[in-house]
Amino acid sequence: MSILEQAPEDRQPIQTYVMEYNEVMVREAIMRELSRGGQVYYVSNRVNDIDRVTLDLQKMVPEATIAYAHGQMDEKQLEEIMYDFIGRKIDVLVSTTIIETGLDISNVNTMIIQDADRLGLAQLYQLRGRIGRSSRTAYAFLMYKRDRMLREEAEKRLSAIREFTDLGSGYRIAMRDLEIRGAGSVLGKAQHGHMAECEVRLGVDAYMPETYIVNEAQKLDIYKKISEISSLDDCRDCEDELKDRFGDVPAPAANLLRIALIRSVAEKLDIVSINGYAGKITIKPAPKANVRVANIPAFLNRNRPNLSFVAKGEPVFEYTYRPSGITEKDEEILLATVEKLLSDFSDLLH
């Protein structure tokens, strides 16, 4: 293994700050960069509201010329915006994580990352590496929503990116990322680090096609993000990022996102396994699940005659239906049925 630890001549460490979102600080950071003739990256990784973010930023800093860019734009339009930015016709570029790789603009030496707690440690490191490409001191501001309680893992990621500011810290960042996530094991079931997951086995194609994400490192990063989905918002954010970076999401990848959300919901409902193949779905609650026994009849009635409860041995719920015989339609029926069952299952808990 080769490690590059010596920085190019005259390069300086990037000054990194982690803080709650603060409009005064955002304006001050932008104006400070503009005052020395520089430019700014403002990272907002949600395509559906990037235009609103840009408008709010323009009101905040009317002196600046601001534009936005994301991967779902027309190729020619995106190219024009990037040329204008490189030509210094744009002061602040509001962008999704498409700037993560490939850009090397020495005049951009301030970066503001909105909702930085939603990004992975390696991705934050890659993004921060887009600035500080000259002899000037560069500044990175990693911001999260006000009054938001950070998850422990997110807090560790932000602490790590703030700690490792020296040039050539990539290896130490990778080691800290491994420490935070856990290494898992090569053999056996513990392949997802520290996560104790509900086992979900459904008869659907769920994977990232090789032709969709060609770069293996990017694919692993996306798989990691999908494994961390814990809410519908997380799922939508991940889908937006895929569309932005790689284009329309193919069916197997969309199925993978839905299964990740199903697993997350199931874990919160004390379900240890969900299996679905050939017209039969079984849902197995944990032995100590807080199931309200009195509500089981109502749950069964809402899904009769397909749903039954088998109490012998380890209690399971079984749902049977007739497959359509069309693969894609079968997959949609299966996923939609599991999602509905989980929605109804929530009424069983105390």
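This structure is a prediction, so every number in the text was calculated from the model and none was measured.

How each quantity is defined
- Residues numbered from 1 in each chain as written.
- Predicted model: local features only at pLDDT ≥ 70, side-chain atom pairs only at ≥ 80, totals over all residues.
- Heavy atoms only, no water.
- Helix = DSSP H or I, 4+ residues; strand = E, 2+ residues; numbered from the N terminus.
- Contact = heavy atoms within 4.5 Å.
- Core = buried A, V, L, I, M, F, W, Y, C linked by side-chain atoms within 4.5 Å.
- Buried < 20%, exposed > 50% of the residue type's maximum accessible area, 1.4 Å probe, protein only.
- Pairing = 2+ DSSP bridges.
- Axes fitted to C-alpha atoms, helices over the stretch in contact; angles between N-to-C directions.
- 1 Å grid on protein atoms, 1.4 Å probe; cavity = no way out; pocket = protein on both sides within 12 Å on 5 of 7 lines; lining within 4 Å.
- Points joined across faces, edges and corners; volume = space filled by probe spheres on them.
- Nonpolar A, V, L, I, M, F, W, Y, C, P; charged D, E, K, R; others polar.
- Patch = residues over 30% accessible without salt bridge, like charges linked within 9 Å, V, L, I, M, F, W, Y side chains within 5 Å.
- Areas by Shrake-Rupley, 256 points an atom, 1.4 Å probe, with all protein chains shown as cover.
- Salt bridge = Lys/Arg side-chain N within 4 Å of Asp/Glu carboxyl O.
- Lys, Arg positive; Asp, Glu negative; His and termini not counted.
- Charge placed at Lys NZ, Arg CZ, Asp CG, Glu CD.
- Parallel < 35°, antiparallel > 145°, perpendicular 65-115°, else oblique.
- Left-handed = near helix turned anticlockwise from the far one by under 90°.

Caption draft 1: The arrangement of the side chain of Thr54 in detail. Summarising the element assignment, Thr54 is placed in helix H2 (residues 50-60). In this structure Thr54 touches Ile66, Ala67, Tyr68 and Val94, once residues within four positions along its chain are discounted.

Caption draft 2: Region of the structure containing the nonpolar core. Formed by 33 residues in total, the largest nonpolar core has its most connected members in Tyr41, Met111, Ile113, Leu124, Ile131, Leu142 and Leu158. Looking at this core, the elements with two or more residues in it are strand S2 (39-43), strand S3 (66-69), helix H3 (75-86), strand S5 (108-113), helix H4 (121-128), strand S6 (139-144) and helix H5 (152-163). A total of four residues in this core trace back to one element, the largest contributor, which is H3. Ignoring anything within four residues of it in the chain, the contact list for Leu142 reads Thr16, Tyr17, Val18, Met19, Ile113, Ala116, Leu124, Leu158 and Ile161.

Caption draft 3: Local environment of the environment of Gln114. In this fold, Gln114 is placed in the loop between S5 and H4. A relative accessible area of 19% places Gln114 in the buried class. Distance from Gln114 to Ser44, taken between C-alpha atoms, is 5.5 Å for residues 70 residues apart in sequence. Every residue in contact with Gln114, bar those within four places of it in the chain, is listed here: Tyr42, Val43, Ser44, Val53 and Met143.

Caption draft 4: Fine view of the sheet that holds strand S9 (residues 280-285). With respect to topology, five strands assemble into an open sheet ordered S7-S8-S9-S11-S10, the strand pairing being mixed. Of all strands in the sheet, those with a lone pairing partner are strand S7 (199-202) and strand S10 (307-310), marking the two edges. With direction set aside, neighbouring strand axes in the sheet form an average angle of 15°. Examined bridge by bridge, S10 and strand S11 (residues 316-320) share four bridges and lie antiparallel to one another. Residue pairing across strands places Ser308 opposite Glu318, the latter belonging to S11. In this fold helix H11 (residues 327-345) packs onto S7, strand S8 (271-277), S9, S10 and S11, with an angle of close to 30° to the strand it touches most, S9.

Caption draft 5: The layout of surface pockets, seen in detail. Of the pockets and cavities examined, the second largest pocket occupies roughly 470 Å³. Lining the second largest pocket are 26 residues, with Asp117, Arg118, Leu119, Asp234 and Asp237 sitting closest to its centre. Elements supplying a minimum of two residues to the lining of the second largest pocket: H5, helix H7 (216-227) and helix H8 (232-246). Looking at which element gives the most residues to the lining of the second largest pocket, the answer is H8, with five residues. The class makeup of the residues in the lining of the second largest pocket is six nonpolar, six polar and 14 charged.

Caption draft 6: Highlighting a negative patch on the surface. Among the surface-exposed residues, Asp74, Glu75, Glu79 and Glu80 lie close enough to one another that they form a single negatively charged patch. Its location among the elements puts Glu75 in helix H3.

Caption draft 7: Expanded view of the packing of helix H9 (residues 251-268) against H11. At a minimum axis separation of 10 Å, H9 and H11 run at an interaxial angle of 20°. Taken together, H9 and H11 sit at an angle that is classed as roughly parallel. Helix-helix and strand crossings are classified by hand; for H9 and H11 the assignment is left-handed. Where H9 approaches H11, its residues Asn255, Arg258, Ile259, Ile262, Val265 and Ala266 are matched on the opposing element by Glu331, Glu332, Leu335, Ala336, Val338, Glu339 and Leu342. Taken together, the residues of the contact of H9 with H11 break down into eight nonpolar, one polar and four charged.

Caption draft 8: Up close: the side chain of Gln123. Inspection of the secondary structure puts Gln123 in helix H4. Of the residues examined, Gln123 reaches a relative accessible area of 1% and is grouped as buried.

Caption draft 9: Spatial organisation of unusual backbone geometry. Pro305 follows Arg304 through a cis peptide bond whose omega is 0°. Within the element layout of this structure, Pro305 appears in the loop between helix H10 (296-302) and S10. At Asp115, a residue that is not glycine, the phi angle is positive and equals roughly 50°. Along the chain, Asp115 falls in the loop between S5 and H4. A relative accessible area of 12% means that Asp115 is categorised as buried. We note that Asp270 has phi near 60°; this positive angle belongs to a residue other than glycine. Locating Asp270 in the fold gives a position in the loop between H9 and S8.

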